[in-house]
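Fold and contact review
Residue strings, one per chain:
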Amino acid sequence: MIDRQAHPVRTALVTLLRERGTLTSTEAARELGGSSGLYSFHLRQLARYGVVEEVPAEGRAKPWRLVGEAPPLQSALHRGLEDESYRHWLAVRDRAPARWRRDQAFSEVVYLTPDELAELGNAVRALIAGYSGRPAHNRGPVAAVARFFPLVELAD
């Protein structure tokens, strides 16, 4: 399921839906650029895989919302979307506009207590939240992915 729906446009839609709650394809086009037809297609694809659903509304507007999934499935979906989006980025970055050819990917092993691990995750979430919900003017969507997990070795 994840590989078939993993796509940068769909990642952007899921992120925007997470921020706003509901979204029409016209609103997505205004926020992310592109045509409402493009976003309508991808919203229908996400609905096909049970990620989003239409919200009952009057008139022609078709708002969508995320489906209330169990956390493990939602987490697996997000990881799949993140991984596919990063592979896509690596494949196209040399053709991206010059101002967008650099990323800020890095990794580091640090030694933390479980409480410090939680504190670090909360600090990064708070930092990223300061950038959410801003107008798209002169900005482009950027995937902000952070994975903090213990490197635990278990005895067999």
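Residues numbered from 1 in each chain as written. Predicted model: local features only at pLDDT ≥ 70, side-chain atom pairs only at ≥ 80, totals over all residues. Heavy atoms only, no water.

1. Observations regarding the nonpolar core
Judged by nonpolar contacts, the single largest core of 16 residues is most densely connected at Leu 13, Leu 23, Tyr 39, Leu 46, Val 51 and Val 52. If you list the elements that add at least two residues to this core, you get helix H2 (8–20), helix H3 (25–32) and helix H4 (36–48). Per-element accounting of this core gives the leading share, five residues, to H2. With sequence-adjacent residues up to four places away left out, Leu 46 is seen in contact with Arg 10, Leu 13, Val 14, Val 51 and Val 52. (Core = buried A, V, L, I, M, F, W, Y, C linked by side-chain atoms within 4.5 Å. Buried < 20%, exposed > 50% of the residue type's maximum accessible area, 1.4 Å probe, protein only. Helix = DSSP H or I, 4+ residues; strand = E, 2+ residues; numbered from the N terminus. Contact = heavy atoms within 4.5 Å.)

2. With respect to the sheet that holds strand E2 (residues 52–54)
Each strand in a sheet pairs with another by means of backbone hydrogen bonds, the pair being arranged parallel or else antiparallel. In space, the three strands of this open sheet follow the order E1-E3-E2, with antiparallel pairing throughout. Of all strands in the sheet, those with a lone pairing partner are strand E1 (22–23) and E2, marking the two edges. (Pairing = 2+ DSSP bridges.)

3. Observations concerning the packing of H2 against H3
Across the interface, H2 lies against H3 with an axial gap of 11 Å and an inter-helix angle of 105 degrees. Classified by the angle between their axes, H2 and H3 sit roughly perpendicular to one another. Taking contact as the criterion, the partners of Ala 12, Leu 13, Leu 16 and Arg 20 in H2 are, on H3, Glu 27, Ala 28, Glu 31 and Leu 32. Partitioned by chemical class, the residues of the contact of H2 with H3 number five nonpolar, no polar and three charged. (Axes fitted to C-alpha atoms, helices over the stretch in contact; angles between N-to-C directions. Parallel < 35°, antiparallel > 145°, perpendicular 65-115°, else oblique. Nonpolar A, V, L, I, M, F, W, Y, C, P; charged D, E, K, R; others polar.)

4. Thoughts on the pattern of salt bridges
Counting across every chain of the model gives five salt bridges. With a closest N to O distance of 3.3 Å, Asp 103 and Arg 93 form a salt bridge. Taken together, the residues span a long stretch of sequence, with Asp 103 in the loop between helix H5 (71–92) and helix H6 (114–129) and Arg 93 in the loop between H5 and H6 at a distance of ten residues. Asp 103 sits in the partly exposed class, given a relative accessible area of 28%. Residue Arg 93 is classed as partly exposed on the basis of its relative accessible area, which comes to 28%. (Salt bridge = Lys/Arg side-chain N within 4 Å of Asp/Glu carboxyl O.)

5. Some points on the environment of Ser 25
Here Ser 25 shows up in helix H3. With sequence-adjacent residues up to four places away left out, Ser 25 is seen in contact with Ser 36, Tyr 39, Ser 40 and Leu 43.

6. Section: the packing of H2 against H4
With their axes 10 Å apart at the nearest point, H2 and H4 run at an angle of 80 degrees to one another. Comparing their axes, H4 and H2 come out roughly perpendicular. Contact with H2, carried on its side by Val 9, Arg 10, Leu 13, Val 14 and Leu 17, involves Tyr 39, Phe 41, His 42, Leu 43, Gln 45 and Leu 46 of H4 and no other residues of that element.

7. Let's talk about the confidence of the model for the protein
On average, residues of the protein carry a pLDDT of 83, and 89% of them reach 70 or more. The low-confidence segment residues 1–5, where pLDDT is below 50, has 13 contacts with residues more than four positions distant or belonging to other chains. (pLDDT = per-residue confidence, 0-100.)

8. Digging into unusual backbone geometry
Despite not being glycine, Asn 138 has its phi angle at roughly 60 degrees, a positive value. As for its placement among the helices and strands, Asn 138 is situated in the segment after H6. Classification of Asn 138 by relative accessible area gives exposed; the value is 60%.

9. Observations concerning the side chain of His 42
Along the chain, His 42 turns up in helix H4. Apart from residues lying up to four places away in sequence, His 42 is in contact with His 7, Val 9, Arg 10 and Leu 13.

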